[in-house]
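Read off the chains here:
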Amino acid sequence: MPADLGAFLQGVFDQVHLWASQSPFWSALFTLGWGIVKVVLVLGFIIVNVLVLVWLERKFSGRVQSRLGPMRVGRPHGWAQTIADMIKLLGKEDIVPRAADKALFVIAPVVIFTATMLVYVVVPMGPRAIVSDLNIGVLYLAAAASFTVISVLMAGWGSSSKWSLLGALRGAAMLVSYEVPMVLAVMGVVLLSGTLSTNAIVKSQSGLWYILVQPIGFLVFLAALFAELNRVPFDLAEAESELVSGFNIEYSGLRFAFFFLAEYANLLALSAIAVTLYFGGWQGPFLPPFVWFMLKTYGFIILVMWIRWTLPRVRVDQLLEFGWKVLLPAALVNLAVTGVYVLLT
Amino acid sequence: MTSGPPDLRLTGGERMHNLTSLLTGFWSFICGLWVTLVNTVRPPVTFQYPEKYYVPLEGFRGYPALVVDPETGETKCNGCQACARACPLGVIHIETAQREDKKRYPVEWRLEFGRCMVCNLCVEACPFGALTMSPEYEFAEYRPEDLVYTLGNLKLPPEGFEVRRLDGSTVRTGLAGGGRG
Amino acid sequence: MTITPEFRPAPGDLEEHEFLVNMGPQHPSTHGVLRVILRVDGERLVDAIPDIGFLHRCFEKVAEGWTYQQVVPLTDRLDYVSAMTNELAYVMAVEKLAGIEVPERAQWLRVLVAELQRIASHLVWFGTFALDLGATTPFLYAIREREHILDLFEALCGARLTYSYMRIGGVRGDLPPGFVGKTREFLKLMPSRLREYENLFMKNRIFENRTKGIGRVTAEEAVAYGASGPTLRGSGVDWDLRRDEPYAAYDRFEFGVPVGQSGDVYDRAVCRFKEMYESLKIIEQVLDGLPEGDVRAKVPRVLKPPAGDVYTRVESPRGEVGVYLVSDGGPKPYRVKWRAPSFAHLRLLPVMAKGHMVADIVAIIGSIDIILGEVDR
């Protein structure tokens, strides 16, 4: 059935495209419409998955900690807990501090959510199921992932609170200094596959998943992932920073919901990227590609959660030292060895 | 800084920077992850209250209750005020009267449970074994006045309460027993 | 730095680059209502001044108005995490003053509950310390294990936190049926669980990096400031009241006393953690050799100790809990002075915190194992 569905949808798409190409006006309208459809699909995918992820995190942490997790809201195992929490957040009073820089304060949550959505453009969920198969996919990823830094700084500065600003500065320092090893680790994968396009990277893993040939690169990428996601052991931007709650402390209600959703959307996006780069993306026998993609992504997310609920938090200066003095050299060594290997074969 | 050269005490970060320490550190993470994984497959130790009632252990101190003689339905209290004197907070108030056969009995027995700290001193002070600790724990009321217990609701119910023992068995208690401690 | 009567720094007292951070009474990591005023120079702490009194409940004054027996449940509420040792200190003081001899079985039972209490208190410390440092999971595991101990106490005396178990002249009641079996099960279970916690948290590299070298206290400083318990032993001073001034049957048992070396947060934490293993050993010895007999001596209903004063001390999980009891011959104590170990340790906070980063203060406070109930009384 899925193969037929894909062919059927492709047929419909081709027909409509044919009709639209009759005139420039209809052609432009078609392109615009198709773009909107893609955005809506991606948004829908994000929202549904984020709701599931929040619930999954709470249930998984309960499992690890010998307790039950949400059970009441939505009788079998509290599946509606996240929806209830979102409704609660929507109903809260929207407070903007008087001394806040209103423009920055209001735009910051929007920027962070947009930054997260940008990553989904190059996530391949199937051989042709990708929003836009850019042939500079990995470069685009590196650029899109840096957007969150701007939003963190906006939120910190715009909140006009000393502690918020300091938390944001620390968070920004962490995000920036961990992007470098992340990109260098990914460069190892790029060298092996010979292409920057994410879909092509997945296709080139049909024989061997890159995790098996890039273990050091994967570990560097994993560590940098935790920093990019603001999760324990690297969650100082929102947890302990200057003894208060970090860059989003002045936010409440819907704006806070945006930060919250963006955090989990980011988790999903970067896990999907990790799966794409190291675990063979949508490749796999017997099952449809989309199912493989979801299984692998959720498996990776469980790994991330498992690490989160095990390790304590790293102190900020140790975190930066670790990034610059351990991860960066490791990534460079990995790149050098991979380069030599590619040269020799 | 205005107070001289910076304090360069060891902060532990220096330990990261050679390969063996990196590997041992990584190994410590793996050990931690293994512990968490093992605990994932253990059954949860919590259960859903109030769907499932928590049966307290025998001897649980819920609130002081009056023991009732199974035949007559009367309390064993004769109003000697030993418990009221023993109570550190003074939350027990008893007024007595005399019956035809010269035996004293309490006509009003008030316990301000909102202030009671359930310390068990009243139960131990009673020379007649008229007080015991009931193992109930669901006391919430909407008004503080409802937390003042009187003779009627201080008497132990005839069916008693279900309590657990450490060996896992459950027993019925509070029927006519009670007494010291 | 001078402090005005409103507990603020005097104006003009700060250096140019310094500012104050208020770690307020409401804070997830201060273990109670503690306010710490941090004087920060850039990233470095210059001073850390504790502001206490938020939990003051006039224990010592109330105790003057209650009879000796009635004060026992009151002492429960001081160091509420380790109530048994509080009660023990107090009843020992009264017994010393009144010359009451406690039966042998009661002494052994006192040791039993005190050591169970020590494990329970250290589990709370372990969980909250891990929580402060960012690891949520060890807290849940510690609470899960502590439930076993609380079940034992619930069966023994009817309460899980404020026990009211010790009486002047002994203990309130004997062991219920099934207690010994359940305790032995617990003794079998606990060492493997403690090793799990070691693997999960105590041996974790991130934990070591955050605690080694932090909050150093030399042995001389620790002794000078009146530290006791693991805070003192972490600095290398080998002093434990249970072994060096034994009370309540402790001289009959063999147990080790973990002593640290460098007096940093790590050593104090490891000392506390290892004490749990030693307490398990003591409990096993108690169960193996528990003598028969009464659990309570005959004491007059209205106790009037002769006039005089006495000071007794016990080794609580936090350190040396001392009771200075003054009697005037009447049924109520004339003065009960409580010496709380956390009070002395809090004074060590500026010494420990100097020169460190603001992010370390949480680890330092956690290593003192402070309970505001006994600091403020």
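Thresholds applied
Residues numbered from 1 in each chain as written. Chains lettered and ligands numbered in written order. Predicted model: local features only at pLDDT ≥ 70, side-chain atom pairs only at ≥ 80, totals over all residues. Heavy atoms only, no water. Helix = DSSP H or I, 4+ residues; strand = E, 2+ residues; numbered from the N terminus. Rg over C-alpha atoms; globule rule 2.2 N^0.38 Å. Buried < 20%, exposed > 50% of the residue type's maximum accessible area, 1.4 Å probe, protein only. Contact = heavy atoms within 4.5 Å. 1 Å grid on protein atoms, 1.4 Å probe; cavity = no way out; pocket = protein on both sides within 12 Å on 5 of 7 lines; lining within 4 Å. Points joined across faces, edges and corners; volume = space filled by probe spheres on them. Nonpolar A, V, L, I, M, F, W, Y, C, P; charged D, E, K, R; others polar. Buried area = accessible area lost by both parts, 1.4 Å probe. Salt bridge = Lys/Arg side-chain N within 4 Å of Asp/Glu carboxyl O. Phe/Tyr/Trp six-rings, centres within 6.5 Å; stacked < 30°, edge-to-face > 60°. Axes fitted to C-alpha atoms, helices over the stretch in contact; angles between N-to-C directions. Parallel < 35°, antiparallel > 145°, perpendicular 65-115°, else oblique. Expected span 1.5 Å × (residues − 1). Bend = angle between axes of the 7 residues up to and from the residue. Core = buried A, V, L, I, M, F, W, Y, C linked by side-chain atoms within 4.5 Å. Pairing = 2+ DSSP bridges. pLDDT = per-residue confidence, 0-100.

**Q** How would you explain the overall build of chain C if you had to name every residue and give the values?
**A** Within chain C one finds 15 helices and 8 strands. Whereas a compact globule of 377 residues would reach a radius of gyration of roughly 21 Å, chain C reaches 21 Å, a difference of no more than 12%. Projected onto its principal axes, the C-alpha coordinates of chain C cover approximately 70 × 50 × 35 Å. Considering chain C as a whole, with its 377 residues, one finds that 64% of them fall into the buried category. Here the contacts in chain C between residues at least 6 apart in sequence split such that 71% fall between residues at least 24 apart.

**Q** Tell me what's going on with empty space enclosed by the protein, and back it up with residues and numbers.
**A** Residue and element names in this part refer to chain A. With the rule as written, the count across this model stands at 5 cavities of 30 Å³ or more. Quantified by volume, the largest cavity comes out at close to 140 Å³. What lines the largest cavity is simply Val-138, Leu-141, Ala-142, Ala-145, Glu-179, Met-182, Val-183, Val-186, Phe-221, Leu-270, Ile-273 and Leu-277. Contributing elements (two or more residues each) for the lining of the largest cavity: α5 (137-145), α7 (162-193) and α11 (253-278). Considered class by class, the residues forming the lining of the largest cavity number 11 nonpolar, no polar and 1 charged.

**Q** Report on the interface of chain C and chain B, specifying residues and quantitative values.
**A** Listed by partner, the interface residues are 45 residues for chain C and 45 residues for chain B. Of the roughly 3,900 Å² buried between chain C and chain B on both sides combined, carbon and sulfur atoms contribute 50%. Three residues stand out in chain C for area buried against chain B, namely Glu-154, Arg-205 and Asn-209 of chain C, and they jointly supply 15% of the buried area on that side. Summed over the shared surface of chain C and chain B, the number is 4 salt bridges.

**Q** Tell me about the packing of aromatic side chains, and please be specific about residues and values.
**A** Residues and elements named next belong to chain A. Across all of its chains, the model carries 39 aromatic pairs over all chains by this definition. Both rings, one in Phe-13 and one in Phe-30, keep their centres 5.6 Å apart while their planes meet at 50°; by these two values the pair is tilted. Within this pair, whereas Phe-13 is found in helix α1 (residues 2-20), its partner Phe-30 is found in helix α2 (residues 24-64), the two being separated by 17 residues in sequence. For Phe-13, a relative accessible area of 22% translates into the label partly exposed.

**Q** An account of the packing of helix α6 (residues 147-158) of chain A against α7 of chain A is requested, with residue identities and associated values reported.
**A** Residue and element names in this part refer to chain A. Two elements in contact, α6 and α7, have axes separated by 8 Å at closest approach and are oriented at 170°. Between α6 and α7, the angle falls in the class roughly antiparallel. Counted together, Thr-148, Val-149, Val-152, Leu-153, Ala-155, Gly-156 and Trp-157 of α6 and Ser-164, Leu-165, Ala-168, Leu-169, Ala-172, Leu-175, Val-176 and Glu-179 of α7 form the full contact between these two elements. Its residues placed into classes, the contact of α6 with α7 shows 11 nonpolar, 3 polar and 1 charged.

**Q** Please give an account of α7 of chain A that cites residues and values.
**A** Taking 1.5 Å of rise per residue, the 32 residues of α7 of chain A would be expected to cover 46 Å, and the 47 Å separating its terminal C-alpha atoms lies within 8% of that figure. Residue Glu-179 of chain A marks the point of greatest curvature in α7 of chain A, where the axis turns by about 25°; the proline Pro-181 of chain A follows within four residues.

**Q** Could you give me a rundown of the nonpolar core, with the residues and numbers involved?
**A** In terms of nonpolar packing, the biggest core is built from 214 residues, with Phe-221 and Tyr-278 of chain A together with Leu-38, Tyr-90 and Leu-325 of chain C touching the most fellow members. If sequence neighbours within four positions are ignored, Tyr-90 of chain C has contacts with Tyr-68, Val-71, Val-72, Thr-75, Val-323, Leu-325 and Trp-338 of chain C.

**Q** How would you sum up the pattern of salt bridges? Please name residues and give values.
**A** All names here are of chain C. Tallying each qualifying case throughout the model produces 50 salt bridges over all chains. One salt bridge connects Arg-252 with Glu-104, and the closest N-O pair in it is separated by 2.5 Å. Taken as a pair, Arg-252 in the loop between α10 (241-244) and α11 (265-289) and Glu-104 in helix α4 (residues 104-132) lie far apart in primary sequence, 148 residues in all. Under the relative-accessibility criterion, Arg-252 is labelled partly exposed at 42%. One salt bridge connects Arg-205 with Glu-208, and the closest N-O pair in it is separated by 3.8 Å. Within this pair, Arg-205 and its partner Glu-208 are both found in helix α7 (residues 205-211), separated by 3 residues, close to a single helical turn. With a relative accessible area of 15%, Arg-205 lands in the buried category. Connected via shared salt-bridge partners are Glu-115, Arg-118, Arg-233, Asp-240, Arg-242, Glu-275 and Glu-315.

**Q** Describe the sheet that holds strand β8 (residues 335-339) of chain C, listing the residues and the values that go with them.
**A** All names here are of chain C. On the basis of which strands lie adjacent, the open sheet formed by 3 strands has the order β6-β7-β8 and antiparallel pairing. The outermost strands of the open sheet, each flanked by one partner alone, are β6 (308-316) and β8. Here the average twist between neighbouring strands, direction ignored, is 15°. Across 5 bridges, the pairing between strand β7 (residues 319-327) and β8 is antiparallel. Note that in β8 the partner of Val-326 across the bridge is Arg-335.

**Q** Describe the sheet that holds strand β2 (residues 92-98) of chain B, with residues and values.
**A** Residues and elements named next belong to chain B. Strand order in the open sheet made by the 3 strands is β2-β3-β5, with antiparallel pairing throughout. Each edge of the sheet is formed by a strand with only one pairing partner; in this case those strands are β2 and β5 (148-149). Bridge analysis of β2 against strand β3 (residues 104-112) gives 7 bridges, and the strand direction is antiparallel. Pairing of Glu-95 across the sheet is with Glu-108, part of β3.

**Q** How would you explain unusual backbone geometry if you had to name every residue and give the values?
**A** Between Tyr-49 of chain B and the following residue, Pro-50 of chain B, the backbone shows a cis peptide bond with an omega angle of 10°. Mapping Pro-50 of chain B onto the fold places it in the loop between α1 (19-40) and β1 (63-66). In this structure, Ser-164 of chain C takes a positive phi of about 55° despite not being glycine. Topologically, Ser-164 of chain C is positioned in the loop between α5 (137-157) and β4 (166-167).

**Q** Give me the lowdown on the confidence of the model for chain A, citing residues and values where you can.
**A** Reading fine detail from the predicted coordinates is not recommended where pLDDT is low. Of all residues in chain A, 95% attain a pLDDT of 70 or more, and the chain-wide mean is 86. Within chain A, helix α12 (residues 289-308) of chain A carries the highest mean pLDDT (92), whereas α1 of chain A carries the lowest (75).

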